[in-house]
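# Coordinates in review
Here's the letter readout for the chains.
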Amino acid sequence: MEELRRSYSRLCKESGAEPQEAVLQQLHQLPRGRLDLATQSLTVDTCRALGKLLHDEKLLKELVLSDCMLSEEGSTLLFQGLCANTTVQHLDLKGNNLRATGAEALGKLLRQSKSIQSLTLEWNNVGMWEDAFASFCGGLAANSTLRQLDLRNNQISHKGAEELALALKGNTTLQHLDLRWNNIGLLGGRALVNCLPSNRTLQRLDLAGNNIPGDILRAVEQAMDHNQDRLTAFRENQARTNILSKEVHHLQEEKSKQFLDLMETIDKQREEMARNGRASAARVGQLQEALNERQSIINALKAKLQMTEAALALSEQKAQDLGELLTTAEQERQSLSQRQEKERKLEQQEAADRESKLLRDLSASNEKNLLLRSQVEELERKVKSQQEQLFLTRQELTNTSAELKIRAIQAEERLDVEKRRAKQNMEDLEKLHSKEVDHMTRHLEESERAMQERVQRLEALRLSLEEELGRVKAALHSERGQAEEELIKARNQARLEEQHRLAHLEEKIRLLAQARDEAQGTCLQQKQVVAESQARASQLNLQIEGQQRRLEELQQELSNKDQEKVAEVTRVRVELQEQMGRMQADLVAQELLREKVAALERQLKVIGSEHREALLDRESENASLREKLRLKEAEISRIRDEEAQRASFLQNAVLAYVQGSPLRALSPPK
C-alpha cells in the first residue's frame, strides 16, 4: 500500500499538483482491495494521477467514487485509466452528476473493459443527452463482462429506453438492470418488453417509478420469471447430463482398465521372450562389431602410416625445392651485385671522360681568350680611344667573372645539398662528386687569378700605352675610322664567342647534374634490390629452418607411431584370443537359451489358449455393458425430448397468455 501512496505522490508532483490527504489516507488503508473515496471532492489533477495509477494497478478490485462531484475532464481521465485496468470488478459512481462527456467516456470504458462486473450510476444525468446515452448503450451492447448495472435517477426518457432495448438485444452477460425512478413511460416500457424475448440472460429488471402501466410491468416480470425458469432448467439439465456422462465415462474407464491390464500381461510375457532373444542376438552382434572395430582400427593405423610417409616425402621434396630456390636466389644476388659494380665503374669512367672533355674545352676557351686579348692589345696600340674600349672590356670581364663566381657558388650549393641528402647511402659517389667540384672550383679560381693577372698586366700596358698614345695620336688619327670598324667587329665577335662559351659551360654543368642524379637513382635502386634480396634470403632461411624442425618432429612422431602400432597389434591379438574364448562360451549359452525358449513357447501356447477363453468371457461382458449403455442413452434421449416438449408447452402457454392479455390490444399494429 505504501507503494501506491508513493506512486500517487510522484504522479501528482509530475503534474505540478499537491496530493490530497484524504486520497493518501485511503490509499494507505485499502482494505481487501477496496478503494473508498466517497464524498471526497477530487480535483482534475487528482483524477489524472488516479487514472495513471489505475492504468497498471493489479491489486484493486473495488473502486467507490460516490458523491465526489467529478468534473467532465476528471471523469474522462479516470475512465481512460480504467480502460486498461484488468482487476477492478466493482465501480460505484453514484451522485456525480455525469453528463454527455461522462456518458461517452463510460461507453468507451464498457467497450474496452474486460473486468468490470458491477457498475453503479445512481443519481447522475447520463440520460438527458440522447446521443451521449446512445454511445453508452453501444458500449453496453459490446460489453461481455458486466453482470449488474444500476441506472436509477438518471432522467432516461422513452428514447433512451429504446436505445437500452437495442443494447439488451446484443448483450449476453447482463443479469440485473435497475431503471427505477426515470422517465421511461409507456413507449419505453413497450420497447423494453419487445427486446426481452431476444435476451435470455437478464434475470431482474426493476422499472418502478417510471409511469409504466401495470400490464407492461407484469409482462416484464413474466419474461424475467421465464428467463429464470429457463436458466434453472438449463442448469438442472446440465447437471444431469454431467452426472450421466460421468457414470458412462466411469464405466468405460473400468472396462478399458480391465482390458488394458489383460493386454498388458500378455504384452509383458511377449516382451520378455523377445527381450531374451534380442539379448542373445545383441551379444553376438556386439562381438561381431568388436571384431569389425578392431579390424577398422588396424586399417586406420595402416592408412595413417601411409599418409605420414607421404607427408614426410612431400616435406623432403619441399625442403629440396627450397634449397634450390635459395641457391638460385644467391646466384641472382651475386650476378646483380656484379652487374651493379660494372655499371658503377662505367659511370665513373664516363664521369672521368666528361671531366677531361670539360678541361679540354676550358683550355680551348682560354686559348681563344688569349688570342682575343692579343688582338685587343694590337688594336689599342693602334687606336686613340683604346683606353675607353679597354675599360669596357675590363668591365665585361669583371661581369663575366662575377657571373662565373655566382654560378660556381650555385653549383657548390647544389652539390652540397646533394651531398647532405645522399651522404648516408652514397659515400663513394659523394667523394667522387666532391673531388669533381673541388677540381672545378680550383680550375675556376686559377682562371680567375689568371684573368686578374692579365688585367693587371693590361693596366700596366695601359699606362705605358697612355704615354705612347700622345706620341702616336697624330699618326693614328687618319686610321681612326678604320680601327673603329674593326673594333666593333672584334667586340661583337668576342661577345658572341663568350656567350657561346658560357652556354656550353652551363650545358656541361647541367649534364653533370643529370648524370649525378641518375647515378644516385641507380644506386638507390640497387640498394633496394639488395635489401629485398637479403630479406627474401632471410625468409627462405627461416622457412628452411621451420621445415627442418617440422621434419624432425614428423620423424619423431613416426617413430612413436611405429611403437604404438606394435603395442596395439599385440594388444589386439590378445583381445581377439580372449573374445574367441568368450564367443565359444556364448555359443554354449545360446544352445541352453534355445532349449529354454522352446519350453517357454510351449508354456505360451497353453497360456494363450487360457487367455482366449478369458477374452471371450470379457467380450460377452462388454456386450452386456454396451446393451446397458444403449438403454441409458435411450433414457437420456427420452428425458431430453420430455424437457424440450415441456419447454415448448411453456412457450406456447406464455404466448397464449400474452395474446389473450390487454397488452396485445394496446400494442400498435405491425
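As annotated in an unreviewed UniProt entry, the chain is Leucine-rich repeat-containing protein 45 from Mesocricetus auratus. According to the UniProt record, the Subcellular location (unreviewed entry) comment for the chain is "Cytoplasm, Cytoskeleton, Microtubule organizing center, Centrosome".

### Regarding the packing of helix α7 (residues 158–170) against helix α8 (residues 185–195)
Between α7 and α8, the shortest axis-to-axis distance is 8 Å and the interhelical angle comes to 5 degrees. In this view, α7 runs roughly parallel relative to α8, as classed from their interaxial angle. On α8, the residues that touch H158, A161, E162, L164, A165, L168 and K169 of α7 are L187, G188, A191, L192 and C195. A per-class count over the contact of α7 with α8 returns 8 nonpolar, 2 polar and 2 charged.

### Observations regarding the confidence of the model for the chain
Scored by pLDDT, the chain has a mean of 81; 92% of the residues are at 70 or more. By mean pLDDT, helix α13 (residues 662–666) is the weakest element of the chain at 45, and strand β4 (residues 118–120) is the strongest at 96. Low confidence marks residues 662–670, where pLDDT is under 50. Its contacts with residues over four positions away, or in another chain, come to 11 contacts.

### Some thoughts on unusual backbone geometry
In this structure, N97 is a non-glycine residue whose phi angle is positive, near 55 degrees. You can see N97 is positioned in the loop between β3 (90–92) and α5 (100–112). Not every positive phi belongs to a glycine, and N211 is a case in point at roughly 60 degrees. Relative to the elements of secondary structure, N211 occurs in the loop between β7 (204–206) and α9 (214–382). Judged by its relative accessible area of 69%, N211 is exposed.

### Here's the deal with the sheet that holds strand β6 (residues 176–178)
Each strand in a sheet pairs with its neighbour through backbone hydrogen bonds, running either in the same direction (parallel) or in the opposite one (antiparallel). Reading across from one edge, β1-β2-β3-β4-β5-β6-β7 is the order of the 7 strands in this open sheet, with parallel pairing throughout. On the outer flanks of this sheet lie β1 (34–36) and β7, each paired with one strand and no other. In this sheet, adjacent strand axes meet at a mean angle of 0 degrees when their direction is disregarded. Examined bridge by bridge, strand β5 (residues 148–150) and β6 share 3 bridges and lie parallel to one another. Looking at the pairing, Q148 lines up with H176 of β6.

### A word on the environment of A311
Turning to its location among the elements, A311 is positioned in helix α9. Taking C-alpha positions, A311 is 77 Å from K52, a pair spaced 259 residues apart along the chain.

Parameters at a glance
Residues numbered from 1 in each chain as written. Predicted model: local features only at pLDDT ≥ 70, side-chain atom pairs only at ≥ 80, totals over all residues. Heavy atoms only, no water. UniProt positions renumbered as here; feature names shortened; annotations may be inferred. Axes fitted to C-alpha atoms, helices over the stretch in contact; angles between N-to-C directions. Helix = DSSP H or I, 4+ residues; strand = E, 2+ residues; numbered from the N terminus. Parallel < 35°, antiparallel > 145°, perpendicular 65-115°, else oblique. Contact = heavy atoms within 4.5 Å. Nonpolar A, V, L, I, M, F, W, Y, C, P; charged D, E, K, R; others polar. pLDDT = per-residue confidence, 0-100. Buried < 20%, exposed > 50% of the residue type's maximum accessible area, 1.4 Å probe, protein only. Pairing = 2+ DSSP bridges.

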